[in-house]
Amino acid sequence: MRSTLTCRVAAGGLTLGLLLSLSMATPRCLWAEQGGRTEVARRPPMGWNSWYGFGCKVTDGLIRAQAEALVASGMKAAGYVYVNIDDCWQGQRDAQGVIQGNNNFPDQPGLAAFLHSKGLKFGIYSSPGPRTCAGYEGSFGHEEKDAETYAAWGVDFLKYDYCSFKGDAPAQIAAYKKMHDALVSTGRPMVFSLCQYGMDRVWAWGPEVGGNLWRTTGDLDYNYRRISEVGFGQNGLQRFAGPGHWNDPDMLLVGLGKMTEDENRTQLSLWCLLAAPLLASADLTQMTPQTRDILMNPEVIAVDQDPAGIQGRRVAQEGPLEVWVKPLGDGGKAAGLFNRGRSAMPVTAYFKDLGVGESARVRDLWARQDLGVFKGSFTAEVPKHGVVMIKVTSDK
Ligand code: GLA
């Protein structure tokens, strides 16, 4: 029997009411309606991931220590709630095919309970292929069993990383959908993070396989060159993001690696303007005051977490100088004035480019300071590889 339902799909800030037939089993509709797939990531997920800081040197004890530091440092209060173990936690499967943690992770349900007792959420990692990127056991052929196991452990987030899988684009899409359906069948809401490197336009089919976020590029590196290449390269993907489904330009390297204070601010500013997931990578037990201040600036984070969920875009470029804007739910505009050059330079944001009136109030979000009312444009001296991030509101 054919039954119908109203399926609401968020697209570019607009909500479209679509009447679709259930018997057509439209994946996008199922994604929207089943298991709260939008609700589970209505705003870009925030938390911490083990990979860039620790690689395969992860243990249960290390994860617990990071979780404790997440709470003690104020990161949790700032919104960072997911604690995600990346690759290298997997052991063997038992006789029933149930995946086990390896010697470093002897008690996954216990670890989940510990995180939950701190008000945090538990993230885990697997692959649609038989092996993960680091060569550990993947989920190929065990999707249902693994989804059930994760649900039984209390997992809240799955990063599903495209390694060792053999197949063309339709086969990949089917593999991701298979795991999504298995997750939905457990009845436990879990964020589904597609790590697929932007091949085959993952942003175009990510929502249809239930993805809440999808990596749009290959891995970052511990330097400004790669981070700026990836971050500034996201322009044009804004129409594919919205509440419940986000483009993911990879994790935050703030406080890790070789970036200067200005370069770290550039990554956080750009990621927030992009409405990107904010997954910190730094060793949270060793954060400097500067790293904390950057990761926890509430006004910058609020841009990322803005309820309208609109991904920002570039509105002006002049050589190494760029201006990006992100429309906010309250009608204001967040803007980033970026200098990718090798010395300090003035950058001008024209209000007509930002979509605000001739006269507008400007607030500096990093300094958390009102700068006054400006006519037509706003100019700031921006340091090398740096940013000035502002909120601009039409002056009525
Ligand atoms: C890939 C991913 C990384 C990380 C590693 C783990 O490189 O892109 O984010 O998950 O695999 O092996």
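Note: the structure precedes this text.
One structure accompanies this document, and this report is about it. Source: prediction; values computed, not measured.

### A few points about the overall build of the protein chain
Phase 1 of the analysis: Across its full length, the protein chain holds 13 helices and 20 strands.
Phase 2 of the analysis: A compact globule built from 396 residues would reach a C-alpha radius of gyration of about 21 Å, and the protein chain, at 21 Å, matches this within 12%.
Phase 3 of the analysis: Along the first, second and third principal axes, the C-alpha atoms of the protein chain reach 70 × 55 × 35 Å.
Phase 4 of the analysis: Here the protein chain, with 396 residues, has 55% of them falling under the buried criterion.
Phase 5 of the analysis: The long-range share in the protein chain, meaning contacts at least 24 apart out of those at least 6 apart in sequence, stands at 68%.
Phase 6 of the analysis: Surface summary for the protein chain: the accessible area is close to 15700 Å², and the carbon and sulfur share equals 51%.
Phase 7 of the analysis: When the 41 positive and 41 negative side-chain charges of the protein chain are each reduced to one mean point, those points stand 3 Å apart.

### Considering the site of the ligand
Phase 1 of the analysis: Surrounding the ligand, one finds W51, D86, D87, Y125, C133, A134, K159, D161, C195, Y197, R215 and D219.
Phase 2 of the analysis: Note that an oxygen atom of the ligand is positioned 2.9 Å from one of the side-chain N or O atoms of D161.
Phase 3 of the analysis: In isolation the ligand exposes 310 Å². Once the protein is present, 93% of that is buried.
Phase 4 of the analysis: Here the shell around the ligand is composed, by residue class, of 6 nonpolar, no polar and 6 charged.

### Topic: helix α9 (residues 224-232)
Phase 1 of the analysis: For α9, the tally of buried residues reaches 7 of 9 residues, placing the bulk of the element in the interior.
Phase 2 of the analysis: Of the residues making up α9, those classed as buried are Y224, R226, I227, S228, V230, G231 and F232.
Phase 3 of the analysis: Residues of α9 that are buried sit in contact with α10 (261-273), β13 (313-318), β14 (321-327) and β15 (333-339).

Criteria and thresholds
- Residues numbered from 1 in each chain as written.
- Predicted model: local features only at pLDDT ≥ 70, side-chain atom pairs only at ≥ 80, totals over all residues.
- Heavy atoms only, no water.
- Helix = DSSP H or I, 4+ residues; strand = E, 2+ residues; numbered from the N terminus.
- Rg over C-alpha atoms; globule rule 2.2 N^0.38 Å.
- Buried < 20%, exposed > 50% of the residue type's maximum accessible area, 1.4 Å probe, protein only.
- Contact = heavy atoms within 4.5 Å.
- Areas by Shrake-Rupley, 256 points an atom, 1.4 Å probe, with all protein chains shown as cover.
- Lys, Arg positive; Asp, Glu negative; His and termini not counted.
- Charge placed at Lys NZ, Arg CZ, Asp CG, Glu CD.
- Near = heavy atom within 4 Å.
- Polar contact = N/O pair within 3.5 Å; in protein donor to acceptor, adjacent residues only side chain to side chain.
- Nonpolar A, V, L, I, M, F, W, Y, C, P; charged D, E, K, R; others polar.

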